[in-house]
Amino acid sequence: MKIKKLHIDSYRHLQNVDFDFTYPEGHEKAGKPLEKICIIGQSATGKTSVLELIKNSMSNLNPVEVINEESFHMSFELSFDGQIECQDLHNNLTIKKNTIIKNGKEIINKNQGGSVGYLIPEGIRLLYLSSELISREAVNIFNQNPVNIFADLTSEVVPLASQRRNRNEKFLYEFGQEVNTQLWFSLLYKILDYRKRFTQMASELINKGAIGDLSRLNKKYAEWSANNENPLVAFASHFNPILKKLNLEIDLVNTEYPIPVKMGNTDEVIPVAGLSTGTKGLLLSMFPLYELDTTDSMILMDEPERSLFPDLQIDLMSHYQSLAPGAQFIVATHSPFIAAAFEPEERFILYFDEDGKVAVHRGVSPIGDDPNDMLTNDFNVNYYNSFGKDAYERYLKLKRDATQETEPSKKKELMLELVELGDKYNF
């Protein structure tokens with residue numbers, strides 16, 4: 001399920017705002033939903049509001065049942081006054097306040113019997129990763145010993161697919177300050193189960209005296225490993241390229257934590273609670289994308305750049321998309337480094353017009369553009385502070401004065417100062 005168009009008549013402070021989330025005419029994918037969307041704009045323009053509007057509206061539509069593909073009899077409402085248009089692998093949906101149009105045909109609200117299906121097909125998911133997803137409770141889950149997790153839980157940890165969940169719980173996966181611990185344990189199930197079986201195997205070998213015979217110990221461990229794949233290996237292939245920039249990597253041997261992270265040069269394992277804020281955020285956002293099937297799903301991300309150095313922000317979207325290649329990403333950001341990973345037609349800039357109302361236009365800078373150009377063209381920010389402006393004015397004056405100066409020694413003096421200032425500020 002991907003969003004194609006959004007018209008907001010009224011939602012919070014957003015009034016009469018249109019978004020066309022499709023590739024423009026002339027593009028090879030013209031008319032199809034954008035694969036990724038970047039919403040930028042100064043504070044208070046409503047970036048997070050747009051994400052929440054989409055999340056709440058799609059959640060309200062998810063339980064709607066359709067009878068014989070022609071009617072529905074349960075009440076529903078969008079979370080705003082306006083219209084939303086979506087597309088899944090087989091259907092186009094246009095939803096207004098009290099109207100549903102499916103593949104060009106209006107679905108009528110009336111009571112009747114017949115074959116029952118859902119407006120949004122089974123298996124489609126919506127993930128919402130809040131800007132506040134780093135919580136003490138979430139970090140604590142990753143900071144526990146897997147053996148202790150099993151010992152402390154009052155209910156059994158089961159795979160996500162085996163959980164008894166209502167339809168909306170299967171659709172909306174929200175990661176923020178309110179932590180669903182059972183969800184996290186289910187996402188970690190394969191790792192926790194592997195750690196449990198590994199510990200049992202090690203205990204058996206110790207009890208049988210294998211600990212005193214290294215060759216026997218290695219042989220038994222190799223046999224066990226051949227039949228018990230470490231689920232961390234696949235995730236590490238995605239996560240380690242990012243951690244490498246931080247001189248970190250996932251430790252595939254250590255069993256102290258569900259996802260142990262170690263220093264690249266010393267092999268010292270660092271508790272998740274001891275990782276930097278940015279690294280915690282990466283772990284808490286990337287692991288759900290890796291573990292959940294996100295085919296034909298929506299992923300809403302608010303400020304993915306949080307607490308990350310620019311060198312990590314540059315390729316961040318590529319890493320996220322590698323984890324969820326079949327999903328549509330909708331990202332709200334303040335970062336020109338994140339925004340530069342999007343095509344101009346994928347960028348939507350919210351701004352205040354002359355009347356103080358929020359309006360929107362598409363991006364200008366090409367994908368991969370210099371962040372300074374991105375700040376000027378799409379963020380509409382003059383990125384020089386007062387010191388930089390004064391230096392630039394001085395640079396322009398020196399340039400004029402040097403051009404007009406006729407006395408050789410004075411001209412040389414001006415040129416030397418001009419070059420020195422230009423080199424210093426890269427003018």
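Figured I'd write up the structure that's included with this text.

Rules used in this analysis
Residues numbered from 1 in each chain as written. Predicted model: local features only at pLDDT ≥ 70, side-chain atom pairs only at ≥ 80, totals over all residues. Heavy atoms only, no water. Pairing = 2+ DSSP bridges. Helix = DSSP H or I, 4+ residues; strand = E, 2+ residues; numbered from the N terminus. Phe/Tyr/Trp six-rings, centres within 6.5 Å; stacked < 30°, edge-to-face > 60°. Lys NZ or Arg CZ within 6 Å of the ring centre and 35° of its normal. Patch = residues over 30% accessible without salt bridge, like charges linked within 9 Å, V, L, I, M, F, W, Y side chains within 5 Å. Areas by Shrake-Rupley, 256 points an atom, 1.4 Å probe, with all protein chains shown as cover. Salt bridge = Lys/Arg side-chain N within 4 Å of Asp/Glu carboxyl O. Lys, Arg positive; Asp, Glu negative; His and termini not counted. Charge placed at Lys NZ, Arg CZ, Asp CG, Glu CD. Axes fitted to C-alpha atoms, helices over the stretch in contact; angles between N-to-C directions. Parallel < 35°, antiparallel > 145°, perpendicular 65-115°, else oblique. Contact = heavy atoms within 4.5 Å. Buried < 20%, exposed > 50% of the residue type's maximum accessible area, 1.4 Å probe, protein only. Left-handed = near helix turned anticlockwise from the far one by under 90°.

### A word on the sheet that holds strand 15 (residues 269–270)
Taken together, three strands build an open sheet; the order of strands is 13-14-15 and the sheet is antiparallel. The outermost strands of the open sheet, each flanked by one partner alone, are strand 13 (248–250) and strand 15. Pairing analysis gives three bridges linking strand 13 to strand 14 (residues 261–263), with the strands arranged antiparallel. Counterpart to Leu248 in the pairing with strand 14 is Met263.

### Examining the packing of aromatic side chains
Taken as a whole and assessed by the stated rule, the structure comprises 20 aromatic pairs. The rings of Phe142, Phe175, Trp184, Phe235, Phe239, Phe287 and Tyr290 are connected pair by pair, giving a single aromatic cluster. Directly above the ring of Tyr128 sits Lys55, whose terminal nitrogen or CZ lies 4.8 Å from the centroid. Taking NZ or CZ as reference, Arg167 lies 3.7 Å from the ring centre of Tyr118, over its face.

### What to know about a positive patch on the surface
There is a patch of like positive charges on the surface, built from Lys208, Arg216, Lys219 and Lys220. With respect to the secondary-structure elements, Lys220 resides in helix 7 (residues 214–227).

### Here we look at the packing of helix 9 (residues 277–291) against helix 11 (residues 316–323)
Contact geometry of helix 9 with helix 11 gives a least axis separation of 8 Å together with a crossing angle of 30°. Here helix 9 is positioned roughly parallel relative to helix 11, judged by the angle of their axes. Of the residues in helix 11, those in contact with Leu282, Ser285, Met286, Leu289 and Tyr290 of helix 9 are Leu316, His319, Tyr320 and Leu323.

### Let's talk about the pairing of strand 9 (residues 105–109)
Consecutive residues of a regular strand have side chains that alternate between opposite faces of the sheet. Pairing of strand 5 (residues 71–72) with strand 9, which is carried by two bridges, proceeds in the parallel orientation. From the neighbouring strand, Ser71 faces strand 9, where its bridge partner is Ile108. Sheet topology places strand 8 (residues 100–102) next to strand 9; three bridges connect them, and they run antiparallel. Residue pairing in the sheet places Ile100 in a bridge with Ile107 of strand 9. Once strand 8 ends, the chain turns through two residues before running back antiparallel as strand 9, passing Asn103 with a positive phi of about 50°.

### Quick look at a nonpolar patch on the surface
A surface patch of nonpolar side chains, about 240 Å² in accessible area, is lined by Val233, Leu252 and Val253. Within the fold, Leu252 resides in the loop between strand 13 and strand 14. For Leu252, a relative accessible area of 33% gives the class partly exposed.

### Section: the environment of Ala391
Tracing the sequence through the fold places Ala391 in helix 14 (residues 386–404). As a C-alpha pair, Ala391 and Gly422 span 31 residues in sequence and 9.2 Å in three-dimensional space. For Ala391, the contacting residues outside a window of four places in its chain are Leu421, Tyr425 and Phe427.

### A closer look at the pairing of strand 18 (residues 347–352)
Summarising the sheet, strand 3 (residues 36–41) and strand 18 pair through four bridges and their orientation is parallel. By the bridge assignment, Cys38 is partnered in strand 18 with Arg347. With five bridges joining them, strand 18 and strand 19 (residues 358–362) adopt antiparallel strand pairing. Pairing of Tyr351 across the sheet is with Ala359, part of strand 19. Linking two consecutive strands that pair antiparallel, namely strand 18 and strand 19, is a turn of five residues; a positive phi of about 80° is found at Gly356 within it.

### Side note on the pattern of salt bridges
When charged atoms on two side chains of opposite charge get close, those side chains can pair. Applying the stated rule across the entire model yields 17 salt bridges. Lys55 is the partner of Glu174 in a salt bridge, and the nearest nitrogen-oxygen pair spans 2.9 Å. Of this pair, Glu174 sits in strand 12 (residues 172–175) while Lys55 sits in helix 1 (residues 47–61), placing them 119 residues apart in sequence. Between Asp193 and Arg197 there is a salt bridge whose closest N-O contact spans 3.0 Å. Pair noted here: Asp193 and Arg197 are both in helix 6 (residues 189–207), with a separation of four residues, about one helical turn. Its relative accessible area of 27% is what places Arg197 among the partly exposed residues.

### Quick look at the packing of helix 6 against helix 7
For the pair helix 6 and helix 7, interaxial distance at closest approach is 11 Å and the crossing angle is 150°. Taken as axis vectors, helix 6 and helix 7 run roughly antiparallel relative to one another. In this structure, helix 6 crosses over helix 7, and the sense of that crossing is right-handed. Contacts between helix 6 and helix 7 involve Tyr194, Arg197, Phe198, Met201 and Leu205 from the first element and Leu217, Lys220, Tyr221 and Trp224 from the second.

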